Amino acid sequence: MPPLSALVFLGLAALTLGSAGIVAFSRNIIHAALALLGTFLGIAGLYVTLSADFIAAAQVLVYVGGTLTLILFAVMLTSRIEDMKVSNPRGGLAVAFVLVTAVLLVLGRVATRTPWPAESRPAMPSTAKLGHAFLGEYLFPFELGSIILLAAMIGAVVLARRAVRRSWERE
């Protein structure tokens, strides 16, 4: 029986690739957006197995928390999106299948012919060093970036409020 880490990796890889396939081939945009959640979470899980816990947390916060939420709001707030005609029919599906098969064959050949190192290193968290760096030598750039992001957010709220007021005045 394979070790637990291999089973976890295979499960996360299956989740990521299966969800990505649903995103690529789903005709329903809601199903595709929700499958994107599975893809992002699978990738975050793969980062955890690589002891890259900060990157995994950033993946969840930025992509799942921000980008996917933005996509879902855009889809939900778009009226009658289900009634739209598909603008990109599946005309080039045969060519895409041939290209994907060729790329997968090349990747498989490279993966099987490469002498991968088999040494095992102990898992070490990466967040402690990063936290010390952010609160040490990179404190000023870190705080400057947060102030710039805060100013951009305030500017977006002001512009959105102006647009809402103008639309209310027209009615």
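A brief look at the structure comes next. (Residues numbered from 1 in each chain as written. Predicted model: local features only at pLDDT ≥ 70, side-chain atom pairs only at ≥ 80, totals over all residues. Heavy atoms only, no water.)

### Quick notes on the overall build of the protein chain
A count of helical and extended segments in the protein chain gives six helices and zero strands. Sorting the 171 residues of the protein chain into buried and exposed places 12% on the buried side. In the protein chain, of all internal contacts separated by at least 6 residues, the share reaching a separation of at least 24 is 59%. Per element, the accessible surface of the protein chain, about 13,900 Å² overall, is 72% carbon and sulfur. (Helix = DSSP H or I, 4+ residues; strand = E, 2+ residues; numbered from the N terminus. Buried < 20%, exposed > 50% of the residue type's maximum accessible area, 1.4 Å probe, protein only. Contact = heavy atoms within 4.5 Å. Areas by Shrake-Rupley, 256 points an atom, 1.4 Å probe, with all protein chains shown as cover.)

### Let's talk about the side chain of Thr 16
You can see Thr 16 is positioned in helix α1 (residues 4-25). At 2.8 Å, the side chain of Thr 16 forms a polar contact with the backbone oxygen of Leu 12. (Polar contact = N/O pair within 3.5 Å; in protein donor to acceptor, adjacent residues only side chain to side chain.)

### What to know about a nonpolar patch on the surface
On the surface, Leu 4, Leu 7, Val 8, Phe 9 and Leu 10 cluster together to form a nonpolar patch covering roughly 470 Å² of accessible area. Mapped onto the secondary structure, Leu 4 falls in helix α1. By relative accessible area, which is 65% here, Leu 4 ends up exposed. (Patch = residues over 30% accessible without salt bridge, like charges linked within 9 Å, V, L, I, M, F, W, Y side chains within 5 Å. Salt bridge = Lys/Arg side-chain N within 4 Å of Asp/Glu carboxyl O.)

### So, the packing of α1 against helix α2 (residues 29-49)
Two quantities define a packed helix pair, namely the angle between the helix axes and the distance between the axes. With their axes 8 Å apart at the nearest point, α1 and α2 run at an angle of 155° to one another. As summarised for this structure, α1 and α2 are arranged roughly antiparallel, according to the angle between their axes. Judged by the sense of rotation from one axis to the other, the crossing of α1 with α2 is left-handed. Judged by residue contacts, Val 8, Phe 9, Leu 12, Ala 13, Leu 15, Thr 16, Ser 19, Ala 20, Ile 22 and Val 23 of α1 engage His 31, Ala 32, Ala 35, Leu 36, Gly 38, Thr 39, Gly 42, Ile 43, Gly 45, Leu 46 and Thr 49 from α2. (Axes fitted to C-alpha atoms, helices over the stretch in contact; angles between N-to-C directions. Parallel < 35°, antiparallel > 145°, perpendicular 65-115°, else oblique. Left-handed = near helix turned anticlockwise from the far one by under 90°.)

### Structural notes on a positive patch on the surface
On the surface, Arg 161, Arg 162, Arg 165, Arg 166 and Arg 170 cluster together into a patch of positive charge. Positionally, Arg 170 belongs in helix α6 (residues 139-170). You can call Arg 170 exposed: its relative accessible area is 70%. (Lys, Arg positive; Asp, Glu negative; His and termini not counted. Charge placed at Lys NZ, Arg CZ, Asp CG, Glu CD.)

### A word on the packing of aromatic side chains
Counting across every chain of the model gives one aromatic pair. Each ring, one from Phe 40 and one from Tyr 63, has its centre 5.3 Å from the other, and the planes form 35°; the classification is tilted. Placement of Phe 40 in helix α2 and of Tyr 63 in helix α3 (residues 53-77) is noted, with a sequence separation of 23 residues between them. (Phe/Tyr/Trp six-rings, centres within 6.5 Å; stacked < 30°, edge-to-face > 60°.)

### Notes on the side chain of Thr 39
As for its placement among the helices and strands, Thr 39 is situated in helix α2. In this structure Thr 39 touches Thr 16, Ser 19, Ala 20 and Val 23, once residues within four positions along its chain are discounted.

### Quick look at unusual backbone geometry
For Ser 51, which is not a glycine, the phi torsion comes out positive at approximately 60°. With respect to the helices and strands, the residue Ser 51 is situated in the loop between α2 and α3. With a relative accessible area of 26%, Ser 51 lands in the partly exposed category.

Nothing here speaks to function; it is all geometry.
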